[in-house]
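The residues making up each chain are set out below.
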Amino acid sequence: MAAVMTGTAETGLTTAKFVRRRLADGYYWSTAGTPAFAAFSAASIADYGVAATETGVTGQYTAADPDPAAPGDYLLLKAAGASLAVADLTAGLRWQDAAGPTRAVDLADAALAPAATALSAAQWTSARAALLDYLDAAVTSRLASAGYTAPLSAASTRAALGLAAADLDAQLGAILASGGTAPSAADIWSHATRALSAGDVVALAAAILARLTAAGTTVTVGRVVPSDGGTIVVYQGDDYKAARSRELSWTVGGLPDLAGAAVSVLIYPTMDPADETGLLTLAGSYTPVSAGEYTLAADMARAQSAALSRTSRHLVRVRLTLAGGDVETVVEGDAQVR
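Residues numbered from 1 in each chain as written. Predicted model: local features only at pLDDT ≥ 70, side-chain atom pairs only at ≥ 80, totals over all residues. Heavy atoms only, no water.

Draft legend 1. Quick peek at the pairing of strand 7 (residues 60–64). Of the two faces of strand 7, only one is covered, namely that formed by Tyr-61 and Ala-63; the face formed by Gln-60, Thr-62 and Ala-64 stays uncovered. Bridge analysis of strand 1 (residues 4–8) against strand 7 gives five bridges, and the strand direction is antiparallel. Residue pairing across strands places Val-4 opposite Ala-64, the latter belonging to strand 7. Across two bridges, strand 6 (residues 53–54) lies against strand 7 in antiparallel orientation. Bridging across to strand 7, Thr-53 finds its partner in Thr-62. Connecting strand 6 to the antiparallel partner strand 7 that follows it, the hairpin turn spans five residues, and Gly-56 within it adopts a positive phi of roughly 60°. (Buried < 20%, exposed > 50% of the residue type's maximum accessible area, 1.4 Å probe, protein only. Helix = DSSP H or I, 4+ residues; strand = E, 2+ residues; numbered from the N terminus. Pairing = 2+ DSSP bridges.)

Draft legend 2. Representation of the nonpolar core. Membership of the largest hydrophobic core comes to 27 residues, with the highest contact counts inside it found for Trp-250, Ile-267, Leu-296 and Met-300. Mapped by element, the contributors of at least two residues to this core are strand 10 (227–234), strand 11 (248–252), strand 12 (262–267), strand 13 (280–290), strand 14 (293–298), strand 15 (314–321) and strand 16 (327–337). At four residues, strand 16 tops the list of elements feeding residues into this core. Apart from the residues within four sequence positions on either side, Trp-250 is in contact with Gly-229, Ile-232, Val-265, Tyr-294, Thr-295, Leu-296, Val-316, Val-318 and Val-331. (Core = buried A, V, L, I, M, F, W, Y, C linked by side-chain atoms within 4.5 Å. Contact = heavy atoms within 4.5 Å.)

Draft legend 3. Expanded view of the sheet that holds strand 15. Strand order in the open sheet formed by seven strands is 10-16-15-12-13-14-11, and the pairing between neighbours is mixed. Where the open sheet ends on each side, the last strands, each with one partner, are strand 10 and strand 11. Recorded for the sheet is a direction-independent mean angle of 25° between the axes of neighbouring strands. Here strand 13 pairs with strand 14 via six bridges, running antiparallel. The residue bridging Thr-287 from the neighbouring strand is Thr-295, located in strand 14. (Axes fitted to C-alpha atoms, helices over the stretch in contact; angles between N-to-C directions.)

Draft legend 4. Quick peek at the sheet that holds strand 6. Strand order in the open sheet formed by three strands is 1-7-6, and the pairing between neighbours is antiparallel. Where the open sheet ends on each side, the last strands, each with one partner, are strand 1 and strand 6.

Draft legend 5. Unusual backbone geometry, seen in detail. Positive phi, close to 60°, is recorded for Ser-245, a residue that is not glycine. Assessed through its relative accessible area of 67%, Ser-245 is described here as exposed.

Draft legend 6. The arrangement of the side chain of Glu-54 in detail. Relative to the helices and strands, Glu-54 resides in strand 6. With no salt bridge to any partner, buried Glu-54 finds its closest opposite charge in Arg-94, at an N-O distance of 12 Å. Within the local environment of Glu-54, its side chain forms a polar contact with the side chain of Thr-11, the two groups lying 2.3 Å apart. Polar contacts involving the side chain of Glu-54 include one to the main-chain amide nitrogen of Gly-12, which spans 3.0 Å. Sequence-distant contacts of Glu-54, that is, excluding residues within four places in its chain, are made with Thr-11, Gly-12, Leu-13, Gly-59, Gln-60 and Tyr-61. (Lys, Arg positive; Asp, Glu negative; His and termini not counted. Salt bridge = Lys/Arg side-chain N within 4 Å of Asp/Glu carboxyl O. Polar contact = N/O pair within 3.5 Å; in protein donor to acceptor, adjacent residues only side chain to side chain.)

Draft legend 7. Structural context of the packing of aromatic side chains. Inspection of the entire model under this criterion finds six aromatic pairs. Each ring, one from Trp-29 and one from Phe-37, has its centre 5.2 Å from the other, and the planes form 85°; the classification is edge-to-face. We note that Trp-29, like Phe-37, is buried. Pairing Phe-40 with Tyr-48 gives two aromatic rings, centres 5.8 Å apart and planes at 45°, and the pair type is tilted. Note on Phe-40: relative accessible area 38%, which makes it partly exposed. (Phe/Tyr/Trp six-rings, centres within 6.5 Å; stacked < 30°, edge-to-face > 60°.)

Draft legend 8. Spotlight on the pattern of salt bridges. For the structure shown, the criterion picks out eight salt bridges. Notably, a salt bridge pairs Glu-10 with Arg-94, separated by 3.0 Å at the nearest N-O pair. Of this pair, Glu-10 sits in the loop between strand 1 and strand 2 (16–22) while Arg-94 sits in strand 9 (residues 93–99), and the two are 84 residues apart along the sequence. Classification of Glu-10 by relative accessible area gives partly exposed; the value is 34%. In this structure, the salt-bridge partner of Asp-334 is Arg-313, at a minimum N-O distance of 3.5 Å. Residue Asp-334 is located in strand 16, and its partner Arg-313 is located in the loop between helix 7 (302–306) and strand 15; the two are separated by 21 residues in the primary sequence. Using a relative accessible area of 8% as the deciding quantity, one classes Asp-334 as buried.

Functional significance is not addressed by these values, which are geometric in nature.
Here it is as structure tokens:
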């Protein structure tokens, strides 16, 4: 039975086309002359369309795979005209799936992989595999003493915590012997569950920091990571405006006073923050919700959403420029474009 390419789209398409691609070299199946895979050429785009047939009114479209033995993928496209055009590869995309045979990676692949990869026969050798036997060596035998700080001894730990004796009972006994009064269980519970004021918390943190510093421990204080902005779904070519209650928005807590701050929403072309080619920056606004909590929002026009690619996920960041000039990224998530 011949292999079939299958995809889903809106029902009733009369210009539905499949485009078959080969994984090995990225070639496109061409129906011109003697049908075969060929290097992509914009001038030959009309030859890459394989007519798709809808099954009834189900929105399921099929066509015979022209080369079932060639691993790769296929696209289901809605052509804007009778023949396929280059713009249809993005604007008309309705479905994408794998094609051709698939199998598990085995040892034979080592001979096929590029020499620079770990899977290649040049890198994956019997001699190298034998070295795996040494992976169970003690970590201390591989780490220079100058590369780490030895942990505190039991005595040093007790000193850092202010314990004069190894046994807490013995220390409590010493307090009683000196005329002190042992606290009751109720007293201990009441002290442990008491309400702490902001001053109490600051004093407690300062006391802990002083103890650790006195013991020679280095303490590094860092900020929390940006809030998880989750995944937003953007429909290519749509307007997202506050006037229609469709703006892009996030509610974030733990923020400083945003009086005089500027809000920017950055949508990257990929999930790589270093890739700023085509970076979309939206001017945003903030609305107070409660103490330290704000709704951060931005409008996006249809021309801007139309420029986003549907073939990749987009990193999304919300950035504040505070009145004093400090810049903080407070939200990080991603966007999927449909």
